[in-house]
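Each chain is listed here by its residues.
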Amino acid sequence: LKKQASKNIKNGSLLPTNQFNDLKGASIIFFAIGLDFKNSKNGYENLDQIFKNVSKIINNQTLLVLETTVPPGTVDNFILPSIFKGNKKIDKDNLRFVYSYERVMPGPEYMSSLKTLPKVFGALNESSKRIYKNHLKRTLPDLDHICLKNIVSAEYSKVVENTYRMVNIALIGELTNFGKSINADVPSILEAIRKRPTHSNIRFPGQAPGGYCLTKDPDFLLVSNDQMRLNEDLNILKASSRLTKKLNKKVEEYVEEVLDKKMSVCFLGLSYRSGVGDLRESSSLDLALSLNKKGYINHFIDPFVNQKDLPKFIKLTQMSKSEFGQAVLSVRHNIFNLKYLKSFKTIIDINSCLSVDEREYLKNQGLNIFQYGDFA
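The following refers to the structure shown. What you see is a predicted model, and the numbers here were worked out from it, not measured in a lab. (Residues numbered from 1 in each chain as written. Predicted model: local features only at pLDDT ≥ 70, side-chain atom pairs only at ≥ 80, totals over all residues. Heavy atoms only, no water.)

Observations regarding the overall build of the protein chain
Argument step 1. Check the secondary structure of the protein chain and you find 12 helices and 10 strands.
Argument step 2. Based on the C-alpha atoms only, the size of the protein chain along its principal axes is roughly 75 × 50 × 40 Å.
Argument step 3. Within the protein chain, the proportion of its 376 residues that are buried is 44%.
Argument step 4. Across the protein chain, the fraction of contacts at a sequence separation of at least 24, relative to all contacts at a separation of at least 6, is 67%.
Argument step 5. Of the roughly 20,200 Å² that the protein chain leaves accessible, carbon and sulfur atoms contribute 51%.
Argument step 6. One way to put it: in the protein chain the 54 positive side-chain charges average out to a point 4 Å from where the 39 negative ones average out. (Helix = DSSP H or I, 4+ residues; strand = E, 2+ residues; numbered from the N terminus. Buried < 20%, exposed > 50% of the residue type's maximum accessible area, 1.4 Å probe, protein only. Contact = heavy atoms within 4.5 Å. Areas by Shrake-Rupley, 256 points an atom, 1.4 Å probe, with all protein chains shown as cover. Lys, Arg positive; Asp, Glu negative; His and termini not counted. Charge placed at Lys NZ, Arg CZ, Asp CG, Glu CD.)

Set out below in structure tokens:
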């Protein structure tokens, strides 16, 4: 992505700027704005200010495309009123507006996901739909893009995607707890279930989800419920949110149970997922910090994380691992392959990083393997 951006800046097709006036004359303006309500700068006031400023420099031929994940109803109730206040000459009949949410996979799949995942969008009117469809024919011609009936449906679609995933994770967390009570091997059970095509995306035992999207998007339904005074129960969503908040504590208790306190230990993987150095809402980092505070772990390896992004008391260790007897495997970066892991005496897999076959292989190599969820 960086290479492509640098190339486009050099050839003049990508022009970075911090001035709204530089957008004058643009046929399409895309918006990818942080919205999370956790940072005071990333709330509705920021959206309001941005769209008021943009409204002053657009005309009725300009297409506005919002890609930011927002609570359902945000465009109708907040953004459109901001545009109409900023420019009295524009109304719903002559404004061009599309909501087309971001669908990317962070890490190694980032660029490929931009090119292979179809767009799901909603348009304000027929002219907006026509202009955006023409844009997609030029930029992503080989995909079956999906136009929903209205903008709120597209807003809702993005939130439902990540809410489904969060509920799936919470359910597996609950079933893992039950599995401990009956001495079951939950990772092997789920791997067997995953062989069935209709259940191939069932999640894994492990920590709560991390990253920027999955940790906030489901809560956007609660925001909409409150803002629009819908009074829906949303009991499953609320219960799942409570459950995910408990997952990390269960995993930490497990690590403390199986950790050999007399043996040196290294923590493998601090980011929120494999292939990235993103530490936002990382459950792995939270666990590493907690175990470090308790005096269990002082060595951390993550080839994707930058030292400057970590607290000062957490020092990244070089990739050599010969002096460590055991490892807590939290994130399966590609460097943590079987050859690498064989150098340890004990592996504590807390996020289902190892398959059943890999577990057996390492055991046959003489390693002690503990996997969270395997209580058999």
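Digging into unusual backbone geometry
Argument step 1. One non-glycine residue with positive phi stands out, namely arginine 229, at about 55 degrees.
Argument step 2. In this structure, arginine 229 sits in the loop between helix H8 (219–227) and helix H9 (235–258).
Argument step 3. A residue is classified by how much of its surface remains accessible, and arginine 229, at 72% relative accessible area, is exposed.
Argument step 4. Of note in the backbone geometry, asparagine 231 takes a positive phi value of approximately 60 degrees without being a glycine.

Quick word on the packing of aromatic side chains
Argument step 1. By the definition in use, this model includes 13 aromatic pairs.
Argument step 2. With centroids separated by 6.4 Å and ring planes inclined at 40 degrees, the aromatic side chains of tyrosine 99 and tyrosine 101 adopt a geometry described as tilted. Just as tyrosine 99 is buried, tyrosine 101 falls in that class too.
Argument step 3. Put simply, the rings of Phe37, Tyr44, Phe78 and Phe220 pair up and form one aromatic cluster. (Phe/Tyr/Trp six-rings, centres within 6.5 Å; stacked < 30°, edge-to-face > 60°.)

Focus: the sheet that holds strand E7 (residues 299–301)
Argument step 1. Here we have five strands laid out as an open sheet, ordered E7-E6-E8-E9-E10, and parallel in their pairing. One side of each edge strand has no neighbouring strand; the edge strands of this open sheet are E7 and strand E10 (368–371). Strand-to-strand twist in this sheet, taken as the mean axis angle between neighbours without regard to direction, amounts to 20 degrees.
Argument step 2. Here strand E9 (residues 346–349) pairs with E10 via four bridges, running parallel. Looking across to E10, one finds that isoleucine 348 is bridged to phenylalanine 370. (Pairing = 2+ DSSP bridges. Axes fitted to C-alpha atoms, helices over the stretch in contact; angles between N-to-C directions.)

Description of the sheet that holds strand E4 (residues 120–123)
By way of backbone hydrogen bonds, the strands of a sheet pair with one another, either parallel or antiparallel.
Argument step 1. Read from one edge to the other, the open sheet built from five strands follows the order E1-E2-E3-E4-E5, with strand pairing classed as mixed. At either margin of the open sheet sits one strand with a lone partner, and together these are strand E1 (28–31) and strand E5 (146–147).
Argument step 2. Sheet analysis places strand E3 (residues 96–100) next to E4, joined by three bridges and oriented antiparallel. Across the sheet, tyrosine 99 pairs through a bridge with glycine 122, a residue of E4.

Notes on the pattern of salt bridges
Argument step 1. By the definition in use, this model includes 17 salt bridges.
Argument step 2. A salt bridge links lysine 129 to glutamate 126; the shortest N-O distance between them is 3.3 Å. In this pair, lysine 129 and glutamate 126 are both assigned in helix H5 (residues 126–139), three residues apart and thus about one turn of the helix distant.
Argument step 3. Its relative accessible area of 56% is what places glutamate 126 among the exposed residues.
Argument step 4. The closest approach of N and O atoms between aspartate 217 and lysine 158, which form a salt bridge, is 3.8 Å. (Salt bridge = Lys/Arg side-chain N within 4 Å of Asp/Glu carboxyl O.)

Some thoughts on helix H10 (residues 283–293)
In an α-helix, one turn spans 3.6 residues, which is why side chains three or four residues apart end up on the same side.
Argument step 1. For H10, the complete set of buried residues consists of Ser283, Ser284, Leu285, Leu287, Ala288, Leu291 and Asn292.
Argument step 2. Elements in contact with the buried residues of H10: H9, strand E6 (265–268) and E7.
Argument step 3. The N-terminus of H10 is capped by serine 282, whose side-chain oxygen sits 3.4 Å from the backbone nitrogen of serine 284.
Argument step 4. The positive-phi residue at the C-terminal boundary of H10 is glycine 295, with phi of around 85 degrees. (Polar contact = N/O pair within 3.5 Å; in protein donor to acceptor, adjacent residues only side chain to side chain.)

So, the pairing of E3
Argument step 1. In terms of burial, E3 is largely enclosed, as five of its five residues are buried.
Argument step 2. Neither face of E3 is exposed, since Arg96, Val98 and Ser100 on one face and Phe97 and Tyr99 on the opposite face are all buried.
Argument step 3. Here strand E2 (residues 63–66) pairs with E3 via four bridges, running parallel. Within E3, the residue paired with leucine 63 across the bridge is arginine 96.
Argument step 4. With helix H3 (residues 74–86) bridging E2 and its parallel neighbour E3, the resulting β-α-β unit is right-handed. (Right-handed = clockwise from strand over helix to strand, strands pointing away.)

Some words on the side chain of threonine 62
Argument step 1. In this fold, threonine 62 is placed in the loop between helix H2 (44–55) and E2.
Argument step 2. A relative accessible area of 3% means that threonine 62 is categorised as buried.
Argument step 3. Dropping the residues within four chain positions of it, threonine 62 is found in contact with Ala26, Ser27, Ile29 and Arg96.

Structural notes on the environment of serine 264
Argument step 1. Residue placement: serine 264 occurs in the loop between H9 and E6.
Argument step 2. Between the C-alpha atom of serine 264 and that of glutamate 67, which follows or precedes it by 197 residues, the distance is 47 Å.
Argument step 3. Among the polar contacts listed, one links the side chain of serine 264 to the backbone nitrogen of glycine 325, at a separation of 3.1 Å.

Thoughts on the nonpolar core
Argument step 1. Core analysis: the biggest nonpolar cluster contains 31 residues, and Phe31, Phe51, Leu64, Leu66 and Phe97 have the highest contact counts within it.
Argument step 2. Those elements that place two or more of their residues in this core are E1, H2, E2, H3, E3, helix H6 (151–181) and H8.
Argument step 3. Sort the elements by how many residues they give to this core and H2 lands first, with five residues.
Argument step 4. What phenylalanine 31 contacts, discounting residues up to four positions off in sequence, is Ile50, Phe51, Val54, Leu64, Val65, Leu66, Glu67 and Thr68.
Argument step 5. Core analysis: the second largest hydrophobic core is formed by 23 residues, Leu259, Phe267, Ala288 and Val328 among them. (Core = buried A, V, L, I, M, F, W, Y, C linked by side-chain atoms within 4.5 Å.)

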